[in-house]
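Observations on chain architecture
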Amino acid sequence: MIRSKLTAIQRNMYICNRLSVYRLPLLYAMETIHTYDVVEEALYTTIRECEALQVHYEYEPEGRAFYQRYEPLRREQFIVPARHVSMDLEVYIADELKPIDLTAGYPWRLLFLEHQGQRYLYVEFHHICIDGLGIRSFENALFNRLMVQDGDPSVHAAAELSSLSIYDQIHGLQQAGDQEREAVSSLNIPLQLPIQKRDGHSGVGRLRRQLSAEQLEKINRMASEHRVTKNAIYQAAVEQALSAVCEGQAYGMIGNWRIRLRNFGAVGCFVRMKPALIAAEEAFEQKARRLFQDNLLDWSGKGAIAPAGTPFSIVYSYEEDMFARFRYLPVDRLSKFDLYIRVFTYGAEANIEVEYNRSRHTEEQAAIIYERLEDVLGSFEKEESISGLIG
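Here's what I pulled together on the structure shown here. (Residues numbered from 1 in each chain as written. Predicted model: local features only at pLDDT ≥ 70, side-chain atom pairs only at ≥ 80, totals over all residues. Heavy atoms only, no water.)

1. So, the sheet that holds strand β1 (residues 3-5)
Our working definition: Should DSSP find at least two bridges between two strands, the strands are regarded as paired. Secondary structure elements follow DSSP: runs of H or I no shorter than four residues count as helices, runs of E no shorter than two count as strands, and numbering proceeds from the N terminus. Angles shown run from 0 to 180 degrees and are taken between the N-to-C directions of axes, each axis being a line fitted to C-alpha atoms and, for helices, limited to the stretch in contact. The contact criterion used throughout is that any non-hydrogen atoms of two residues lie within 4.5 Å.
Ordered in space as β1-β4-β3, the 3 strands form an open sheet in which the pairing is antiparallel. Only two strands of the sheet have a single neighbouring strand rather than two, namely β1 and β3 (55-60). Strand after strand, the sheet turns through a mean of 25° between neighbouring axes, direction not considered. As defined by bridge partners, β1 adjoins strand β4 (residues 65-70) across 3 bridges and the pair is classed as antiparallel. Across the sheet, the residue bridging to Ser4 is Gln68, located in β4. Across the sheet, helix α1 (residues 8-15) touches β1, β3 and β4, and the angle it forms with β4 is around 95°.

2. With respect to unusual backbone geometry
Filter applied, for reference: Think of it in three bands: residues with accessible area under 20% of the maximum for their type are buried, residues over 50% are exposed, and the middle band is partly exposed, with areas taken using a 1.4 Å probe on protein chains only.
The phi dihedral of Arg64 is positive, around 50°, even though this residue is not glycine. Within the element layout of this structure, Arg64 appears in the loop between β3 and β4. Look at Arg64 and you get exposed, because its relative accessible area is 71%. Unusually for a residue other than glycine, Gln116 sits at a positive phi of about 50°. Position of Gln116 among the secondary structure elements: in the loop between β6 (108-115) and β7 (118-126). Residue Gln116 is classed as exposed on the basis of its relative accessible area of 69%.

3. A few points about the pattern of salt bridges
Here is the rule we go by: One side-chain nitrogen of Lys or Arg within 4 Å of one carboxyl oxygen of Asp or Glu is enough to make a salt bridge.
Following the criterion strictly, the structure yields 31 salt bridges and no others. With a closest N to O distance of 3.0 Å, Arg342 and Glu319 form a salt bridge. On the criterion of sequence distance, the pair formed by Arg342 in strand β13 (residues 339-346) and Glu319 in strand β11 (residues 314-320) is long-range, its members being 23 residues apart. Overall, Arg342 belongs to the buried group, its relative accessible area being 9%. Relative accessible area serves as the criterion here: at 18%, Glu319 is assigned to the buried category. Connected through salt bridges with shared partners, the residues Arg3, Glu58, Glu60, Arg69 and Glu71 form a single ionic network.

This is the structure:
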């Protein structure tokens with residue numbers, strides 16, 4: 001039996017099983033050349049190459065341990081149903097499709113959806129089995145295979161995409177981090193946004209704004225002038241905004257074990273939480289250079305590792321050009337953190353999204369953070385406010 005213990009973040013995801021959180025719904029408008037049978041076969045063959053997608057989850061009370069167990073997918077059990085949808089597709093996905101039950105089978109759902117004369121491939125993963133880079137690898141392998149079936153001789157299907165043994169390497173790195181708690185001792189001062197609501201509802205609110213072309217040009221220029229990445233510029237701006245409205249220093253940054261493993265092509269969930277500290281009385285340029293150097297340390301294997309289970313109420317993430325064909329639909333109804341600031345770019349477009357726990361914070365607080373960001377990045381355009389409430 002091939003199995004591996006869940007990582008610290010995977011355990012947190014499993015505990016939230018059947019809740020409307022950690023959903024990763026993806027939609028692709030199918031080309032007329034592809035039949036359902038052809039796409040189904042390509043999906044089956046691609047998943048068969050991904051050991052980390054062919055898993056069932058289990059809990060052993062004796063050792064208080066969570067595991068993912070390899071359960072090879074069989075062709076006779078693999079069927080992709082087709083459904084006609086008359087209502088709005090995003091509403092259907094968010095409201096009619098329930099969260100994946102990790103105790104009932106594989107951590108994904110596949111459907112062919114027909115809506116207003118267009119056929120769609122719908123793929124939903126539970127985040128416990130895959131991350132953004134993993135989805136990109138899955139997408140590349142799937143569509144390379146479809147191109148091969150279309151007769152394109154210049155495209156070759158990918159080899160094996162993942163192995164559960166990668167998680168064993170991650171556990172070794174995490175154990176080393178647990179032994180270096182002094183490196184993150186200042187995490188005793190967590191960064192927190194003042195609580196303004198105590199109404200008991202745990203729904204998620206989102207405030208999203210798209211950056212203008214002028215802002216993007218300014219960010220590129222600043223990154224070039226200071227010889228840092230665009231991520232360092234964004235994160236420095238976020239730190240500066242948070243320091244004006246929050247108390248404390250320590251917050252979380254979504255990272256990935258792939259950097260330590262030097263593995264960017266495998267399919268799996270290798271997400272990790274990195275500790276970050278806001279330095280007092282630091283100019284913006286200093287922040288950007290410090291953050292850039294911190295990321296370089298992480299690449300060299302010398303960056304700090306937060307001990308497993310370290311809680312953060314405020315978290316930052318940066319995502320760049322994850323998917324080429326799939327369209328990601330944010331449908332979670334519960335918040336992952338009290339405050340989650342996410343920068344994501346696709347092609348020439350960049351957005352900053354603040355996701356907040358509506359039981360503790362208000363949309364006005366999220367808007368204030370943007371006002372602070374404007375001091376660094378200028379005015380935002382195309383505001384979009386989305387709130388989901390469960391209660």
